[in-house]
Amino acid sequence: MAIATFSDIVAALANDDPEAEAVLLGEGLACRRAQVGPTVFFRGLIEFSNVCRKDCHYCGIRRSNRRVQRYTMDPEAIADDAALAFEQQYGSIVLQSGERTDRVFVDFVEDVLLRIHRRTSGLLGVTLSLGEQSVDTYRRWFEAGAHRYLLRIETSQEALYRSIHPSDHRFQNRLDSLDRLRSIGYQVGTGVMIGIPGQTVEDLARDVLFFEAQDIDMLGMGPFIVHQDTPMADAEDSEALRAWRFHLALRMVAVCRLYLKDVNIAASTAMQALHPQGREMALQAGANIIMPNVTRVGYREHYQLYDNKPCLTESPGDCRDCIRARIRSVGDEPGDLSWGDSPHYARRVLDPLLARDVSPGRVSEPDDA
Ligand code: SAM
Ligand code: SF4
């Protein structure tokens, strides 16, 4: 199945016939193996703080949710967890938290990065997912050892973006932040939520073109899941709708693999929240990255972005062993102790002459929309 135009993307996303979906996902898997190989890379996810200055309407740890017990882990505890993940063969970790831009936080993250670098002799790859920051902050964290950054655009459609954020959250700052990250030299990841109320398959198809226009290296996407203590608690929800969002997310993974080919695509935790084998199914549809939660048990329950968050009690070792066995059972290889950079990044950096044109914030026009 060729996925080469806007209409191809829309048609593939819209077709929820189970047989057609199975063909699409199978092609996503074959394309993943051909383009980035049979290795599935691990990122140990450390959710080190749920303190956030923002108020995104969908998110369970938004500033206004008074029911959340706020925490920030001690820097040495974060470094301990990172070192433990490294001992357990994780080649890379993701440090994620709510968004803060104050000086104390910026210094704190820099200190954590330097500790992790010392403790693991610079061998552990570090991705950050800490929201919108100034160019100086991004640069300081890059110089302290972070080399990848995940900042989801959430949706590339500005009107839809505005409908799920308060008025002081600026879409343009999200775009500018992606540009800042790339200009510093990070491997840049973005992504969207799938099944946002009011979102159409055409919106999602435009998201795919946005990823192309942004020349992104990594993708993290997942279904929107309702959280009861947010302004979106009343969003239409049912078992059937959750299943529809889950399958649409699987098709989105396959379509992104077939259209973008050599980027890293994460099998997101939100997939597992909607289906016990959700992440493995995403790997079988074209994803090549899995992010087991290695946050120490006790904090995870306070980092609930959406209802029914999975893996609240498993230890990092349990998660890794179980996922490794499942990866091997379908003929793939776990990429232990490897950073697992995206082949797209290698091509973008090593062969800039071949790099695609990237104008700041540019979104391709659909060819035939
Ligand atoms: N604060 C940083 C940021 O917003 O980029 C990083 C952490 S934030 C919790 C990570 C991601 O969680 C967001 O980009 C968003 O896509 C996702 N998320 C938040 N609430 C969600 C929900 N209700 N359903 C699905 N994903 C959600
Ligand atoms: Fe904060 Fe990120 Fe949640 Fe928005 S999505 S409220 S920035 S943690």
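Our structure's up above, just so we're on the same page.
What you see is a predicted model, and the numbers here were worked out from it, not measured in a lab.

**Quick look at the overall build of the protein**
Part 1 of the argument: Counting its secondary structure elements, the protein contains 13 helices and 11 strands.
Part 2 of the argument: Relative to the 2.2 N^0.38 estimate, which gives 21 Å for 369 residues, the radius of gyration of the protein is 19 Å and therefore close to what a compact globule would have.
Part 3 of the argument: Seen through its principal axes, the protein has C-alpha atoms that stretch 50 × 40 × 40 Å.
Part 4 of the argument: Classification of the 369 residues of the protein by burial places 58% in the buried group.
Part 5 of the argument: Sequence separation of 24 or more characterises 77% of the internal contacts of the protein that already satisfy a separation of 6 or more.
Part 6 of the argument: Summing over all exposed atoms, the protein offers an accessible surface of approximately 14600 Å²; the carbon and sulfur share of this is 51%.
Part 7 of the argument: Side-chain charges of the protein comprise 42 positive and 53 negative groups, with the mean position of each set lying 4 Å from the other.

**Comments concerning helix H5 (residues 135–143)**
Part 1 of the argument: Every buried residue of H5 is accounted for by Thr137, Tyr138 and Trp141. Within H5, the buried residues cover an arc of 100° as seen down the axis, which keeps them to one side. Exposed side of H5, more than 90 degrees from the buried face: Asp136 and Glu143 are the residues found there.
Part 2 of the argument: Where H5 is buried, its residues touch helix H4 (103–119), strand S4 (125–129), strand S5 (148–150) and helix H7 (171–184).

**Structural notes on the site of ligand 2**
Part 1 of the argument: Surrounding ligand 2, one finds Cys52, Lys54, Cys56, Tyr58, Cys59, Ile61, Arg62 and Gly98.
Part 2 of the argument: Most atoms of ligand 2, that is more than half of them, are within 2 Å of grid points of the largest cavity.
Part 3 of the argument: When grouped by side-chain class, the residues that make up the shell around ligand 2 number 5 nonpolar, 1 polar and 2 charged.

**Examining the site of ligand 1**
Part 1 of the argument: Residues in contact with ligand 1 amount to 18 residues; listed here are only the nearest, Tyr58, Ser97, Arg152, Glu154 and Ile225.
Part 2 of the argument: Arg174 places a polar side-chain atom, nitrogen or oxygen, 3.4 Å from an oxygen atom of ligand 1.
Part 3 of the argument: Look at ligand 1: alone it shows 560 Å² of surface, and the protein chains cover 92% of it.
Part 4 of the argument: Cavity membership is defined here by more than half of the atoms lying within 2 Å of grid points; on that basis ligand 1 lies in the largest cavity.
Part 5 of the argument: Among the residues forming the shell around ligand 1, the class breakdown is 9 nonpolar, 5 polar and 4 charged.

**Observations regarding the side chain of Asp55**
Part 1 of the argument: Within the secondary structure layout, Asp55 lies in the loop between strand S2 (44–49) and helix H3 (75–87).
Part 2 of the argument: There is a polar contact of 3.3 Å between the side chain of Asp55 and the backbone nitrogen of Arg63.
Part 3 of the argument: Apart from residues no more than four positions distant in its own chain, Asp55 is found in contact with Arg62, Arg63, Ser64, Pro166 and His169.

**Details of empty space enclosed by the protein**
Part 1 of the argument: This model, assessed by the stated rule, comprises 2 cavities of 30 Å³ or more.
Part 2 of the argument: Approximately 960 Å³ is the volume found for the largest cavity.
Part 3 of the argument: The wall of the largest cavity is formed by 48 residues, among which Gln96, Ser129, Arg152, Glu154 and Leu305 lie closest to the centre.
Part 4 of the argument: Taken together, the elements giving at least two residues each to the lining of the largest cavity come down to S2, strand S3 (92–97), strand S8 (218–223), strand S9 (264–267) and helix H10 (269–274).
Part 5 of the argument: Of the residues forming the lining of the largest cavity, the biggest block, 3 residues, is contributed by S8.
Part 6 of the argument: Class assignment for the residues of the lining of the largest cavity results in 24 nonpolar, 14 polar and 10 charged.
Part 7 of the argument: Counted as a void, the second largest cavity has a volume near 90 Å³.

**Some remarks on the packing of helix H1 (residues 6–14) against helix H8 (residues 201–213)**
Part 1 of the argument: Between H1 and H8, the least distance of the axes is 9 Å, while the angle of their chain directions is 130°. Considering their axes alone, H1 and H8 lie oblique with respect to each other. At the point where H1 passes H8, the crossing takes the right-handed sense. Contacts from Phe6, Ile9, Val10, Leu13 and Ala14 of H1 reach H8 at Val201, Glu202, Leu204, Ala205, Arg206, Val208 and Leu209.
Part 2 of the argument: Considered class by class, the residues forming the contact of H1 with H8 number 10 nonpolar, no polar and 2 charged.

**With respect to the pattern of salt bridges**
Part 1 of the argument: According to the stated counting rule, one finds 27 salt bridges in the structure shown.
Part 2 of the argument: Arg62 is paired through a salt bridge with Asp55; the nearest N and O atoms lie 3.5 Å apart. Pair check on accessibility: Arg62 and Asp55 agree, each one buried.
Part 3 of the argument: One continuous salt-bridge network, built from bridges that share partners, spans Arg53, Lys54, Glu99, Glu132, Glu154 and Arg174.

Calculation criteria
Residues numbered from 1 in each chain as written. Chains lettered and ligands numbered in written order. Predicted model: local features only at pLDDT ≥ 70, side-chain atom pairs only at ≥ 80, totals over all residues. Heavy atoms only, no water. Helix = DSSP H or I, 4+ residues; strand = E, 2+ residues; numbered from the N terminus. Rg over C-alpha atoms; globule rule 2.2 N^0.38 Å. Buried < 20%, exposed > 50% of the residue type's maximum accessible area, 1.4 Å probe, protein only. Contact = heavy atoms within 4.5 Å. Areas by Shrake-Rupley, 256 points an atom, 1.4 Å probe, with all protein chains shown as cover. Lys, Arg positive; Asp, Glu negative; His and termini not counted. Charge placed at Lys NZ, Arg CZ, Asp CG, Glu CD. Arc of directions from axis to C-beta. Near = heavy atom within 4 Å. 1 Å grid on protein atoms, 1.4 Å probe; cavity = no way out; pocket = protein on both sides within 12 Å on 5 of 7 lines; lining within 4 Å. Sits in = over half its atoms within 2 Å of the grid points. Nonpolar A, V, L, I, M, F, W, Y, C, P; charged D, E, K, R; others polar. Polar contact = N/O pair within 3.5 Å; in protein donor to acceptor, adjacent residues only side chain to side chain. Points joined across faces, edges and corners; volume = space filled by probe spheres on them. Axes fitted to C-alpha atoms, helices over the stretch in contact; angles between N-to-C directions. Parallel < 35°, antiparallel > 145°, perpendicular 65-115°, else oblique. Left-handed = near helix turned anticlockwise from the far one by under 90°. Salt bridge = Lys/Arg side-chain N within 4 Å of Asp/Glu carboxyl O.

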